[in-house]
Amino acid sequence: MKEKSKNRKWQFIGLVAVCVFTAFLVVLFIRMEKEAPQVDITLDSTAFGVERTLSMSLSDEKSGLKKVWIGLFKDGKEKKLLEKAFPASGWLRKGSVSHMPLSVTVKPKELGLTDGEAMLRMVVTDYSWRSWGKGNHTYMEKQIQIDTKPPRIEVLTDAHNISPGGTALAIYQLSETCPKSGVRVGDTFFPGHQTGQDADDPYLVFFAMAYNQKKGTAIRLEATDMAGNQSRAGFYHYIKKKAFRKDTIRISDGFLDSKLPEFEPLLARRSQQPPIDQFLYINRDIRKANKQAIDRVTAVTDNAIHWDGVFKRLPGSATRSRFADQRTYTYKGKTIDHQVHLGEDLASNSRSPVPAANGGSVAFTEYLGIYGNTVILDHGFGLFSLYAHLSGIDVEKGQAVKRGDIIGRTGKTGLAGGDHLHFSMVVHNTYVTPLEWWDASWIKNNISTKLQTIGYGE
Ligand SMILES: [Zn+2]
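Caption draft 1: Highlighting the overall build of the protein chain. Helices and strands together make up the secondary structure of the protein chain, namely 6 helices and 34 strands. Dimensions of the protein chain, computed from C-alpha atoms along their principal axes, come out at roughly 125 × 60 × 40 Å. Here the protein chain holds 458 residues, and 48% of them are scored as buried. Restricting to contacts in the protein chain with at least 6 residues of sequence separation, those with at least 24 account for 69%. Positive and negative charge centroids in the protein chain, built from 61 and 49 side chains respectively, lie 7 Å apart.

Caption draft 2: Broad picture of the side chain of Thr430. Turning to its location among the elements, Thr430 is positioned in strand S34 (residues 430–432). A distance of 3.2 Å separates a polar atom in the side chain of Thr430 from a polar atom in the side chain of Asn429. With sequence-adjacent residues up to four places away left out, Thr430 is seen in contact with Thr188, Phe190, Ala208, Met209, Ala210 and Met425.

Caption draft 3: Spatial organisation of the pattern of salt bridges. A full pass over the atoms with the stated rule returns 16 salt bridges. Arg327 is the partner of Asp345 in a salt bridge, and the nearest nitrogen-oxygen pair spans 3.4 Å. Pair noted here: Asp345 is in strand S25 (residues 344–347) and Arg327 is in strand S23 (residues 325–331), with a separation of 18 residues, a long-range link. Neither Asp345 nor Arg327 differs from the other in exposure class; each is buried.

Caption draft 4: Structural view of the sheet that holds strand S3 (residues 52–59). Taking strand neighbours across the sheet as the criterion, the 3 strands line up as S1-S3-S8 in an open arrangement whose pairing is antiparallel. Unpaired on one side and paired on the other, strand S1 (38–41) and strand S8 (99–106) mark the two borders of the sheet. The sheet shows a mean angle of 25° between the axes of neighbouring strands, direction not considered. In this structure, S1 lies alongside S3, joined through 4 bridges in antiparallel fashion. Paired with Ile41 across the strands is Met56, a residue of S3.

Caption draft 5: Structural view of the side chain of Ser63. On the secondary structure map, Ser63 appears in the loop between S3 and strand S4 (65–74). Residue classification places Ser63 among the buried residues on the basis of a relative accessible area of 1%. Engagement of the side chain of Ser63 in a polar contact is seen with the side chain of Arg31, the distance being 3.4 Å. Excluding residues within four positions of it along the chain, Ser63 makes contact with Arg31, Glu33, Lys94, Gly95, Asp126, Tyr127 and Ser128.

Caption draft 6: Fine view of helix H6 (residues 440–452). In this model H6 runs just 15 Å from its N-terminal to its C-terminal C-alpha over 13 residues, more than 12% under the 18 Å that 1.5 Å per residue would give. Largest kink in H6: about 35°, centred on Asn446. Looking at the packing, one finds that the buried side of H6 touches strand S12 (161–162), strand S13 (167–174), strand S17 (203–208) and helix H5 (434–437). Capping of H6 at its N-terminal end is provided by Asp439; its side-chain oxygen lies 3.0 Å from the backbone amide nitrogen of Ser441.

Caption draft 7: Spotlight on the packing of helix H3 (residues 253–267) against helix H4 (residues 275–298). Put simply, H3 and H4 touch, their axes get as near as 10 Å, and they point 60° apart. Accordingly, the angle class assigned to the pair H3 and H4 is oblique. Here H3 runs over H4; the crossing is left-handed. When H3 is examined against H4, the residues Phe255, Leu256, Leu260, Phe263, Leu266 and Leu267 are found in contact with a partner set consisting of Pro275, Ile276, Gln278, Phe279, Tyr281, Ile282 and Ile286. When the residues that make up the contact of H3 with H4 are grouped by side-chain class, the tally is 12 nonpolar, 1 polar and no charged.

Caption draft 8: Representation of the coordination of the zinc ion. At 2.0 to 2.1 Å from the zinc ion lie its protein donor atoms, namely His341 (NE2), Asp345 (OD) and His422 (ND1). Positions of the donor residues of the zinc ion, expressed as sequence spacing, correspond to H-x3-D-x76-H. A residue is classified by how much of its surface remains accessible, and His341, at 6% relative accessible area, is buried. Exposure remark for Asp345: the relative accessible area of 7% places this residue in the buried category.

Caption draft 9: Just the pairing of strand S27 (residues 360–367), in detail. Inspection of the sheet shows S27 paired to strand S31 (residues 400–401) by 2 bridges, in the antiparallel sense. By the bridge assignment for S31, Gly360 is matched with Val401. Examined bridge by bridge, S27 and strand S28 (residues 373–380) share 6 bridges and lie antiparallel to one another. When the bridges of S28 are listed, Ser361 appears paired with Asp378. In sequence, S27 turns back onto S28 through a hairpin of 5 residues, with Gly369 there showing a positive phi of about 45°.

What counts, and where the lines are drawn
Residues numbered from 1 in each chain as written. Predicted model: local features only at pLDDT ≥ 70, side-chain atom pairs only at ≥ 80, totals over all residues. Heavy atoms only, no water. Helix = DSSP H or I, 4+ residues; strand = E, 2+ residues; numbered from the N terminus. Buried < 20%, exposed > 50% of the residue type's maximum accessible area, 1.4 Å probe, protein only. Contact = heavy atoms within 4.5 Å. Lys, Arg positive; Asp, Glu negative; His and termini not counted. Charge placed at Lys NZ, Arg CZ, Asp CG, Glu CD. Polar contact = N/O pair within 3.5 Å; in protein donor to acceptor, adjacent residues only side chain to side chain. Salt bridge = Lys/Arg side-chain N within 4 Å of Asp/Glu carboxyl O. Pairing = 2+ DSSP bridges. Axes fitted to C-alpha atoms, helices over the stretch in contact; angles between N-to-C directions. Expected span 1.5 Å × (residues − 1). Bend = angle between axes of the 7 residues up to and from the residue. Parallel < 35°, antiparallel > 145°, perpendicular 65-115°, else oblique. Left-handed = near helix turned anticlockwise from the far one by under 90°. Nonpolar A, V, L, I, M, F, W, Y, C, P; charged D, E, K, R; others polar. Donors = N, O, S within 2.8 Å, 3.2 Å for Na, K, Ca; no water.

Now the structure itself:
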């Protein structure tokens, strides 16, 4: 009996020892995990300017984050940007932080670093027991470029005469490649485009004044380099005065009766409202949405001059409305709305063939609210022409057209009372008067002569 209980005691001790050892192995196995911390960082540009903020997110699911170190190495010197330790907790001493968003701002001048190549280095460790308790680590290094000098802008064109609702062209050179440069007119930015692949190839920018911008509007060139350094340069320009006409449009019940059914799909439940309310919704809200849709089209342009010479006006047509006419809308003798007409209305015979005003590529061919069936041509470098109220469209998006090619037929789709062509010229996102583009001597004096200096249209 004594022998038996002694055996049982030893068996029990053995079992406990096995359990303790197994538990020890399990803990060891868990705490010795070999998953390195994760670093999520996007370096969209490796150029660091006067000030650069790096945002990242660190994570370590299994053991938790222990330490992060970030530094810059340049000319054999090390500059610490950030060092941060995270606490451990619990009897297993795991990290209490498993996920951490971090941002660090780098100001090379304050760190005493000069312009040139440098190495960004980063080490992140976790609370794993691996490597005799040192943990797993993630090491990253990235070659970067410190550049704190703003780009130099040299304007190559001399005269820039412009009026409200008018266009001008500037050509300039930059001392380094810049992802963003162009002319700012008041609050509106017109992006410039480089004419070739080489760093010293000139940039070209069509810029415009909106019809309602005044004499005294600030016009300057801007350039931002890869490191985010920005330069501004004034350049000689002369703003001419310009006045626009006033016009009154009487909305009749007959017009509403004939037009509103076309807009029913866009009005949805509003088509139950009084016809004049439906009209106001179209004239204000749909007009605004259509303008935004056109802005999206004209934000994308070809870096090419697709056109040559004077722009073609609809042959044999009479002008019914002018660019920037200040329109007052009346209904039953009362003023109900004000809008500005941003094109020229040209009337000819019904369903007249509409020629492309100049060479371009077809950027848009769709039905667009108040504009009805619409074609937009990209003439290159942000210059567009727009043809609205068409009864038919004869071109497809992406197609190249020459001056005079028939792109469609006039009509009265959209918010048009009778058959006519609504013709607009657009520079980036600003509507300009087509009269300048229909005038051969204006084009020669203000545009072509400048383009010839950099080898276009010789
Ligand atoms: Zn019109």
